[in-house]
Amino acid sequence: MNSGPPSSSCEDRLLELLVEDRQASRDSHEHLASCPECRGQLASFRQQVDAARDFLAPSSLQMQRIRAKVWEKIEPESRRDPWWQPAWASTLVLGLFILLTMAAPFKLSRIAGPDLDGAALYASADSLEVMVDQLLPGTAASDPPWEQALSGGILEVENMEQIDNLLELLVSDRGEQT
Amino acid sequence: MDHTTFEQFLDRWQNDIYRMIRSRVNTPADAEDIMQDVLLKLYRGLESFRGESRLRTWIYRLVKNAIADYYRKPWWKFDWVRETTFNDGSERRPAWEQHAGEDQLSALDAVLDKEQGEIILKMTDRLSPAEKEYFTLRFFDGFSLQQMSEATGHNLNTIKTHLYRAVKKMKMYLLEESQ
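All of these numbers come straight from a predicted model, not from anything done at the bench. (Residues numbered from 1 in each chain as written. Chains lettered and ligands numbered in written order. Predicted model: local features only at pLDDT ≥ 70, side-chain atom pairs only at ≥ 80, totals over all residues. Heavy atoms only, no water.)

1. What to know about the nonpolar core
For step 1, the next point in the chain: Counting 68 residues, the largest nonpolar core has Phe6(B), Ile17(B), Leu42(B) and Phe135(B) as the members making the most contacts within it.
For step 2, the next point in the chain: When residues no more than four places from it in sequence are discounted, the contact partners of Ile17(B) are Phe9(B), Met35(B), Val38(B), Leu39(B), Leu42(B), Ile59(B) and Val63(B). (Core = buried A, V, L, I, M, F, W, Y, C linked by side-chain atoms within 4.5 Å. Buried < 20%, exposed > 50% of the residue type's maximum accessible area, 1.4 Å probe, protein only. Contact = heavy atoms within 4.5 Å.)

Here it is as structure tokens:
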């Protein structure tokens, strides 16, 4: 590049060779082979560019420092748990929360006690309590317990058979009275 | 990606990547910061790199984005007080001096000596932004015309037009310098 300006033909061919490099036309390559002026300019330009590339290259100390800093940042990342572990834990917690939220109304109804409608009360009772206070006058102490209960107390019955017996007694007793 | 593979990758590419960054920023300190960001992104992304674009093209895009992100960084995130080591290791100046100056290029001029490579590099600042980018890609980053087209998304004719102008100007600047 230190010599005087080349002819316009040289100038154009040199530009083409610099820009297109190997893809430059065959004519330009042939011209280069035959023109020492262009060869000199091309070599000079490439030398300058190489000098700039060298200037831009990092020193080994710089690269050591950069690499050390990068590894400092990478290593905590690689030690961290895989992504799916926290995701799995979150899903589990969320699932439990939903399950508990859905189950809560059932649990609360049981704590609050059964509904007060007759059928539910009847169904939920462990033993049946039948009030017969107004049905019959008093009975003797020697009577069976359920007959005593008929005289004005509460008869506790354990099953439906006892209720049937009681009803049968009541019906037959009423029948005798009438 | 395991440690050894990434080390091998760095051995092969670190100079190219650094050069790619350094030719587009004003100071070695900025280049180092950006280089760290780029290497971290490469470490995280290399495994998913499927070779759809050439590696060099992909790295170029990462570098461009990292530089853009870096200079979008608000002033309070700059490391103002860190000492800066220059390429030759001969001079250390706090980074704030470089950022605080009204003319960063003149600040850089004061630090750099008159080596040939630096002169060329400074000359590229006289080119238009597009010309400078294409000249840098072609001659400093070693991209072919086809790779330049892939990397920038511009067609070959546009690239050649800018490149012809850039080379012509650079030849003229070099001639001026030599006289």
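Moving on, there is more to tell.
2. What to know about the packing of helix α2 (residues 28–45) of chain B against helix α3 (residues 55–72) of chain B
All names here are of chain B.
For step 1, the next point in the chain: Running from N to C, α2 and α3 cross one another at 130 degrees; their axes reach a closest spacing of 9 Å. Considering the angle they form, α2 stands oblique to α3. Of the two possible hands of crossing, α2 and α3 adopt the one that is right-handed. For the pair α2 and α3, the contacting residues are Asp30, Asp33, Ile34, Val38, Lys41, Leu42 and Gly45 in the first and Trp58, Ile59, Leu62, Val63, Ala66, Ile67, Asp69, Tyr70 and Tyr71 in the second.
For step 2, the next point in the chain: Classifying every residue of the contact of α2 with α3 by side-chain character gives eleven nonpolar, one polar and four charged. (Axes fitted to C-alpha atoms, helices over the stretch in contact; angles between N-to-C directions. Helix = DSSP H or I, 4+ residues; strand = E, 2+ residues; numbered from the N terminus. Parallel < 35°, antiparallel > 145°, perpendicular 65-115°, else oblique. Left-handed = near helix turned anticlockwise from the far one by under 90°. Nonpolar A, V, L, I, M, F, W, Y, C, P; charged D, E, K, R; others polar.)

3. A few points about helix α2 (residues 26–34) of chain A
Residue and element names in this part refer to chain A.
For step 1, the next point in the chain: All of the buried residues along α2 are Ser28, His31 and Leu32. Relative to the axis of α2, the buried residues are bounded by an arc of 100 degrees and lie together on one face. Those residues of α2 that are exposed and aimed more than 90 degrees away from the buried face are Arg26, Ala33 and Ser34. (Arc of directions from axis to C-beta.)

4. Structural notes on the environment of His31(A)
Residue and element names in this part refer to chain A.
For step 1, the next point in the chain: In this structure, His31 sits in helix α2.
For step 2, the next point in the chain: Assessed through its relative accessible area of 15%, His31 is described here as buried.
For step 3, the next point in the chain: Those residues in contact with His31 that sit more than four places away from it in its chain are Cys10, Arg13 and Cys38.

5. Quick notes on the confidence of the model for chain A
All names here are of chain A.
For step 1, the next point in the chain: On average, chain A scores 72 in pLDDT, and the residues at 70 or more come to 56%.
For step 2, the next point in the chain: Within the model, pLDDT remains below 50 along residues 1–5, and this stretch shows 13 contacts once partners closer than five positions in the same chain are excluded.
For step 3, the next point in the chain: Here residues 130–135 scores under 50 on pLDDT; set against residues more than four positions off or in separate chains, the count is 13 contacts. (pLDDT = per-residue confidence, 0-100.)

6. Overview of the state of the cysteines
Residues and elements named next belong to chain A.
For step 1, the next point in the chain: With the rule as written, the count across this model stands at zero disulfides over all chains.
For step 2, the next point in the chain: Left without a disulfide partner, Cys10 is nearest to the cysteine sulfur of Cys38, which lies 3.5 Å away.
For step 3, the next point in the chain: Using a relative accessible area of 9% as the deciding quantity, one classes Cys10 as buried.
For step 4, the next point in the chain: Overall, Cys38 belongs to the buried group, its relative accessible area being 1%. (Disulfide = S-S within 2.5 Å.)

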